[in-house]
Amino acid sequence: MPILQQSGHRVLEGLRVIDYTVMIAGSTAGRLFAELGADVIHVEPPYGDDGRNSTTKFLGSEGTIFTVGNRSKRGIVIDIRNPDGRDLFERLVLAADVFIENTTPGVLEKFGLGYEHLSSVKPDLIQLSVSGWGATGPLSRDPGYEVVIQAYSGAMKQDAPGEVPRGPGILMGDSTGPLLGTVGALAALRRRNQTGEGTHVTSSVLQGALFQMGTHAPLAEDEQSTSASADPLNAPFRAKDGAWVWVAAKRPAAREALGKLVQGQTEAPTAEQAAAWVSARSAAEAVRQLGDMGVPAARVRAGLGDLFRDMAGHDELSTIGVTHPEKGQLWTVGSHFEVDGTSFASRAPAPRLGEHTREVLTEFGLRADEVSRLEESGAVVDLRDSARVAAG
Amino acid sequence: MSISLLSDLTVVDLTTTPAGATAARLYADLGARVIRIEATGIETPEDDVGLSPEAGLVANRSKESVAIDFASRESSDVLARLLGQADLLVEDLGAEVRAGIGLACGEHRAAHPSLVHVALDWWPESGAGAGLPRSRELLQATVGTMVFDAPGGAPRPVSAVPVGEPTAATFAVMAGLSALLRRDATGVVSCGSTSVYQGAIQPASTGVVYAEDDQEADTTGPVARRALGGFGPFECADGEWVFVAGWTDRQFQAVCRLAGYDHIAEDPAYGSRSLRQETGEDLNAIVAAWVSGLQSNDLIDQLRSARVPVARIAQTTAQLIHDSHAVETGMVTQVGNGADQSWQIGTVFEVAGERPDIRPAPAPGADSIAVLERLGLTSDEVSDLLRRGVISQPERGAR
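Residues numbered from 1 in each chain as written. Chains lettered and ligands numbered in written order. Predicted model: local features only at pLDDT ≥ 70, side-chain atom pairs only at ≥ 80, totals over all residues. Heavy atoms only, no water.

### A closer look at the overall build of chain A
Next, step 1: Scanning chain A for helices and strands turns up 15 helices and 14 strands.
Next, step 2: For the C-alpha atoms alone, the extent of chain A along its principal axes is close to 80 × 50 × 45 Å.
Next, step 3: Across the 392 residues that make up chain A, the buried fraction comes to 60%.
Next, step 4: For chain A, restricting intrachain contacts to residue pairs at least 6 apart in sequence, the fraction spanning at least 24 positions comes to 68%.
Next, step 5: For chain A, the accessible area works out to roughly 14,300 Å², and carbon and sulfur atoms hold 50% of it.
Next, step 6: Counting 38 positive and 49 negative side-chain charges, chain A places the centres of these two groups 4 Å from one another. (Helix = DSSP H or I, 4+ residues; strand = E, 2+ residues; numbered from the N terminus. Buried < 20%, exposed > 50% of the residue type's maximum accessible area, 1.4 Å probe, protein only. Contact = heavy atoms within 4.5 Å. Areas by Shrake-Rupley, 256 points an atom, 1.4 Å probe, with all protein chains shown as cover. Lys, Arg positive; Asp, Glu negative; His and termini not counted. Charge placed at Lys NZ, Arg CZ, Asp CG, Glu CD.)

Right, here's the structure in full:
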């Protein structure tokens, strides 16, 4: 039943995962399982994952959040609010090895699909839940978004008293919560292989954000805000072509080398002298000459898309390509780690809405007439019908 | 009770950076016995990305510590004894040092045929950044995570969080667990590798797609973001800032109704996010006026009742020491006793509702004698190693 073209080691080959996630925090965990070789089936409601519906100029009705988070998976549509859909969903989860979800705690219980029930029927099930605020605690049942959790966790800063606080400019918990959950789930999988026992692993966007914030020191109430480098020779300088070059002449040897390059003597130059030197050449030329002299420097890329453009096709640690059914070759995040030098990333695009509904349900043992009946009742949607549903 | 998923594993931690040490700590959080080697006599780069004593309090907790002087000839024997009884080695020494002490991947496989080895470097061996020194600024410049406050303005590094390092720690654990799963299933023993560079890409990668024929893709510079109505930071009457996230149509409508603007809630002109972006600043001026008349506690209560995502904007993470949710859940916790006590980030995951067993970071070498005796060395052998300075252990109570 090889559906997706995959490369690299597939340590999770043969493992079946039901992924009931939306947006970022859960879908990343499912993607990691898929790229380790598991058959990950992403279940969407009839109106689609909200990440899919965050439209973008290039991909139109397929938001890039969805494109990135759900590559390497298969996709089906089940409406769990429909009684037949709910029963079908339970059937799929109970036939899987791992169930990944990022609903607010308590939501699945309302449908009779909580871990307590599922594990009573299938004790070796591993469930990974990635919520916003955590599985327990006073805020656990509140809706949680990355920005709100950045605010709560101290990641937003004011440049000065009275100024509008702003975020750090990078995703924190949405990105890291699912990674921590995946770490726990992989460990749980290893234990299940040894003992036959399943378990429930929980993590959250908040735990991901705090993991990011609190790794480098204990929490101190008199904590001072960190600020950007104040070293004038560890700073950005603008090149002739308008691009920025970060010169990291922190060490004495690098300062001497910079002095030689800029003014022909080993005395460290002033920031103004360094700026004048960089501004007289292109960024590429400046980086090359600085590197030749042993001065650490790099062009400041304007964003990750800039890196992907530069690395597309020749560095899988940075970016790998998938073939989109309408847009052709797309480049998204590369391999996160390697085993014996081989990456785990696969090359299947994110599924279209309901792309694999019939295929998956047939594999799970449903007859064609049963699938048709479910389609008629609105419990499931296949790709052929999804355009009609979306339009409706 | 605590998490014991990996209680059958012994991990040797030969790391010198926050990312590496944090990776090893995650194994401890999952129940593994983690023996940290405090290595002297190894040349590590003179830079500012090494593990500081402060960072060590967080990254080295729940471990045991053995201090080994790698300048001594016998150090390799001690290391070999440790690795001989370990399942997994985590290190971040870099290719040169790694090779210098005989730990190049695969090189020690004959001696330790079942040992999984995970290396976490700053840059990968090839590709962007390869050959550059370890530097947080060069990492961000290379990956493209620096912030441009205004089009045409100078870039500045993201400074509120360590970009790439925590994420790379999780990747190192995934690499190790993948290799262990593979070893368990097939008997094949592997080397895993990752880098802080790869860790830096991940948090920025959500929603980033590059296509050669995407004529509208902006890879040349920053773009000013448009405000979304009902979504942003707002200042309350008590001077506190609160983030209101009226992201979905329902949440936006709830904000409008609470603010007394039912007609806006019902107006199809604001019926989607893209429409609310077109008028974002005007809508947010209305929300700001409403919020400015409320105490922050009152605002938060109202929005929570209406199921609109909301949070007070904390000035620092340390403020969570006084937050009931953060403390009750163990996400922020006290570690240690007496003068050594500190508040730290706590549990990062739970298993069957159980949290990790969090113990204070040991003093460097605090467990040298006990660990080596457990490996089968006699008291005389351990004393001899101590006398010759191959290993060391501080006086009890020293840190």
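### Overview of the sheet that holds strand 15 (residues 391–392) of chain B
Next, step 1: In spatial order, the strands read 13(A)-12(A)-8(B)-5(B)-4(B)-1(B)-2(B)-3(B)-15(B); together these 9 strands make up an open sheet with mixed pairing. The open sheet has two edge strands with one neighbour each: strand 13 (342–343) of chain A together with strand 15 of chain B.
Next, step 2: When strand 1 (residues 10–14) of chain B meets strand 2 (residues 33–40) of chain B, the two strands line up parallel, connected through 4 bridges. Bridging across to strand 2 of chain B, valine 11 of chain B finds its partner in valine 34 of chain B.
Next, step 3: Docked against the sheet, helix 3 (residues 75–84) of chain B engages strand 1, strand 2, strand 3 (64–69), strand 4 (88–91) and strand 15 of chain B, running at close to 155° with respect to strand 3 of chain B. (Pairing = 2+ DSSP bridges. Axes fitted to C-alpha atoms, helices over the stretch in contact; angles between N-to-C directions.)

### Remarks on the state of the cysteines
Residue and element names in this part refer to chain B.
Next, step 1: In total, this model carries 1 disulfide over all chains according to the counting rule given.
Next, step 2: With its sulfur 1.6 Å from that of its partner, cysteine 105 forms a disulfide with cysteine 191. Handedness of the cysteine 105-cysteine 191 disulfide follows from its S-S torsion of about 140°: it is right-handed. Of the two residues, cysteine 105 sits in the loop between helix 4 (95–100) and strand 5 (116–121) while cysteine 191 sits in strand 8 (residues 191–195), which places them 86 residues apart along the sequence. (Disulfide = S-S within 2.5 Å.)

### Some points on the interface of chain B and chain A
Next, step 1: Every contact between the two is made by 132 residues of chain B and, on the other side, 129 residues of chain A.
Next, step 2: Counting the surface lost from both chain B and chain A, the interface buries some 11,100 Å², and carbon and sulfur atoms represent 63% of this.
Next, step 3: Where chain B touches chain A, the interface holds 9 salt bridges.
Next, step 4: A salt bridge links arginine 190 of chain A to aspartate 184 of chain B; its shortest N-O distance comes to 3.0 Å.
Next, step 5: Where chain B packs against chain A, one counts 46 residue pairs in polar contact (both at pLDDT 80 or more).
Next, step 6: It is helix 6 (residues 165–186) of chain B that contributes the most residues to the side of chain B that touches chain A, 15 residues altogether.
Next, step 7: Of the residues in the side of chain B that touches chain A, the class split is 69 nonpolar, 39 polar and 24 charged. (Buried area = accessible area lost by both parts, 1.4 Å probe. Salt bridge = Lys/Arg side-chain N within 4 Å of Asp/Glu carboxyl O. Polar contact = N/O pair within 3.5 Å; in protein donor to acceptor, adjacent residues only side chain to side chain. Nonpolar A, V, L, I, M, F, W, Y, C, P; charged D, E, K, R; others polar.)

### A look at the confidence of the model for chain A
Next, step 1: Counting all residues, the mean pLDDT for chain A is 91, and 92% of those residues have values of 70 or more.
Next, step 2: When the criterion is pLDDT under 50, residues 1–7 of chain A qualifies, and its contacts beyond four places in sequence or with other chains add up to 24 contacts. (pLDDT = per-residue confidence, 0-100.)

### Description of the sheet that holds strand 7 (residues 234–238) of chain A
Residue and element names in this part refer to chain A.
Next, step 1: If you trace the 3 strands from one edge of the open sheet to the other, you get 7-8-9, paired in antiparallel fashion. Bordering the open sheet on either side are strand 7 and strand 9 (297–300), each of which pairs with just one other strand. In this sheet, neighbouring strand axes are inclined to one another by 25° on average, regardless of whether the strands run parallel or antiparallel.
Next, step 2: Note: strand 8 (residues 244–248) against strand 9, 4 bridges, orientation antiparallel. For valine 247, the partnering residue across the bridge sits in strand 9 and is alanine 297.

### Re the packing of aromatic side chains
Next, step 1: By the definition in use, this model includes 6 aromatic pairs over all chains.
Next, step 2: Plain terms: the ring middles of phenylalanine 89 of chain A and phenylalanine 99 of chain A are 5.7 Å apart, the flat faces sit at 75° to each other, and that makes the pair edge-to-face. Of this pair, phenylalanine 89 of chain A sits in helix 3 (residues 83–94) while phenylalanine 99 of chain A sits in strand 4 (residues 98–101); the two residues are 10 residues apart in sequence, bridging distant segments of the chain.
Next, step 3: Relative to tryptophan 247 of chain B, the ring of phenylalanine 231 of chain B lies with its centre 5.7 Å away and its plane at 55°, an arrangement referred to as tilted. In this pair, phenylalanine 231 of chain B sits in strand 9 (residues 231–235) while tryptophan 247 of chain B sits in the loop between strand 10 (241–245) and helix 8 (249–258), placing the two residues 16 residues apart along the sequence.
Next, step 4: On the basis of relative accessibility, which here comes to 18%, the residue phenylalanine 231 of chain B falls in the buried class.
Next, step 5: The class for tryptophan 247 of chain B is partly exposed, based on a relative accessible area of 21%.
Next, step 6: An aromatic cluster of three or more residues is present, and its members are Tyr20, Phe89 and Phe99 of chain A.
Next, step 7: Residue placement shows arginine 16 of chain A over the ring face of phenylalanine 364 of chain A; its charged tip is 4.3 Å from the ring centre.
Next, step 8: A cation over an aromatic ring shows up here: arginine 52 of chain A above the ring of phenylalanine 66 of chain A, its NZ or CZ 3.9 Å from the ring centre. (Phe/Tyr/Trp six-rings, centres within 6.5 Å; stacked < 30°, edge-to-face > 60°. Lys NZ or Arg CZ within 6 Å of the ring centre and 35° of its normal.)

### Looking at the environment of tryptophan 122 of chain B
Residue and element names in this part refer to chain B.
Next, step 1: With respect to the helices, strands and loops of the structure, tryptophan 122 is situated in the loop between strand 5 and helix 5 (136–143).
Next, step 2: Separated by 43 residues in the primary sequence, tryptophan 122 and glutamate 165 have C-alpha atoms spaced 8.8 Å apart.
Next, step 3: If we ignore the near neighbours within four places in the chain, the residues touching tryptophan 122 are Val49, Arg134, Ser135, Arg136, Leu139, Glu165, Ser195, Val196 and Tyr197.
Next, step 4: At 3.5 Å, the side chain of tryptophan 122 and the backbone oxygen of serine 135 are in polar contact.

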